[in-house]
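Summary of structural features
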Amino acid sequence: MFRMPPASGPGSSEGHVDYRLARASVLSSFRRGVLDRTEVCDAHPELVRAAREVGTPIPGECPVCAQPELVHVTYVFGPRLPKHGRCISLRGELSRLAKRPGTHVAYVVEVCRQCSWNHLVRRSTLAGDPPPTAESTPVDNARRVGRDVD
Ligand SMILES: [Zn+2]
């Protein structure tokens, strides 16, 4: 569904991983001509659809096509969720999932609705603690760092 670095699948246990460096490296390869546009703008059709329908717009321009069409899409992996993850489409869904037993891992993917640029932004282990009282976006919830996992 989206590019996932091999050593950091849903099975690993760090609470929070940021992929900004990997993103910068992909973009640098693209600018140097090592990767061509079809290689960096290869969002899966399902991911493009999710970006259009449930993506959370983020400020800034697409690093590839310079259009202000960037969104974040959040997927959660965990017990009794589909193998390819659950795409978070409802406000509050993430905190409900976090309350379920078992470890849930959220992946936030940056997608451009214009050119299909996509890259994993971060992954977080969802903490099973009480949800925030104030309404928050899926992205805000995904930012919550998980409990310490041995
Ligand atoms: Zn773009």
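From a predicted model like this one, the values you see are computed outputs, not experimental measurements.

1. Let's talk about the overall build of the protein chain
Helix and strand content of the protein chain: five helices and six strands. Buried residues in the protein chain amount to 32% of all 150 residues. Residue pairs at least 24 apart in sequence account for 63% of intrachain contacts in the protein chain once pairs closer than 6 positions are excluded.

2. With respect to the pairing of strand S6 (residues 118-125)
Along S6, seven of the eight residues are buried, which leaves the element largely enclosed by surrounding structure. As defined by bridge partners, strand S1 (residues 16-18) adjoins S6 across three bridges and the pair is classed as antiparallel. In the sheet register, His16 faces S6, and the bridge partner there is Ser124. Direction of pairing for strand S5 (residues 105-112) relative to S6: antiparallel, over a ladder of seven bridges. What sits directly across from Val108, in S6, is Arg122. Adjacent in sequence and paired antiparallel, S5 and S6 are bridged by five residues, among which Ser116 carries a positive phi angle near 75°.

3. Notes on the environment of Cys41
Within the fold, Cys41 resides in the loop between helix H2 (37-40) and helix H3 (45-54). A C-alpha to C-alpha distance of 3.8 Å links Cys41 and Trp117, two positions 76 residues apart in sequence. The residues contacting Cys41, other than those within four sequence positions of it, are Val64, Cys115, Ser116 and Trp117.

4. Focus: H3
Leu47, Ala50 and Ala51 are the residues of H3 that are buried. The arc that holds the buried residues of H3, viewed along the axis, is 100°, so those residues lie on one side. Facing away from the buried side of H3 by more than 90 degrees, the exposed set consists of Pro45 and Glu53. Looking at the buried residues of H3, the elements they touch are strand S3 (70-77), strand S4 (86-87), S5 and S6.

5. A short note on the nonpolar core
Ranked by size, the top nonpolar core spans 29 residues in total, and within it Val73, Val76 and Val109 carry the most contacts. Of all elements in the fold, only H3, S3, helix H4 (93-99), S5 and S6 reach the threshold of two or more residues within this core. By residue number, the principal contributor to this core is S5, which donates seven residues. Contacts of Val73, omitting those with residues within four sequence positions, involve Leu47, Ala50, Ala51, Val54, Gly55, Cys87, Val109 and Val111.

6. Regarding unusual backbone geometry
The phi torsion at Arg80 lies on the positive side, around 65°, for a residue other than glycine. Turning to its location among the elements, Arg80 is positioned in the loop between S3 and S4. Phi angles above zero are rare outside glycine, and Ser116 is one such case at about 75°.

7. Structural notes on the pairing of S3
S3 sits mainly inside the fold: seven of its eight residues count as buried. Alignment of strand S2 (residues 56-57) against S3, held across two bridges, turns out to be antiparallel. Bridged to Thr56 within S3 is His72. The pairing of S3 with S5 spans eight bridges and is antiparallel. Bridge pairing in S5 places Val76 opposite Ala106.

Rules used in this analysis
- Residues numbered from 1 in each chain as written.
- Predicted model: local features only at pLDDT ≥ 70, side-chain atom pairs only at ≥ 80, totals over all residues.
- Helix = DSSP H or I, 4+ residues; strand = E, 2+ residues; numbered from the N terminus.
- Buried ≥ 20, exposed ≤ 12 C-beta atoms within 10 Å, placed from the backbone.
- Contact = placed C-beta atoms within 7 Å.
- Pairing = 2+ DSSP bridges.
- Arc of directions from axis to C-beta.
- Core = buried A, V, L, I, M, F, W, Y, C linked by C-beta atoms within 7 Å.

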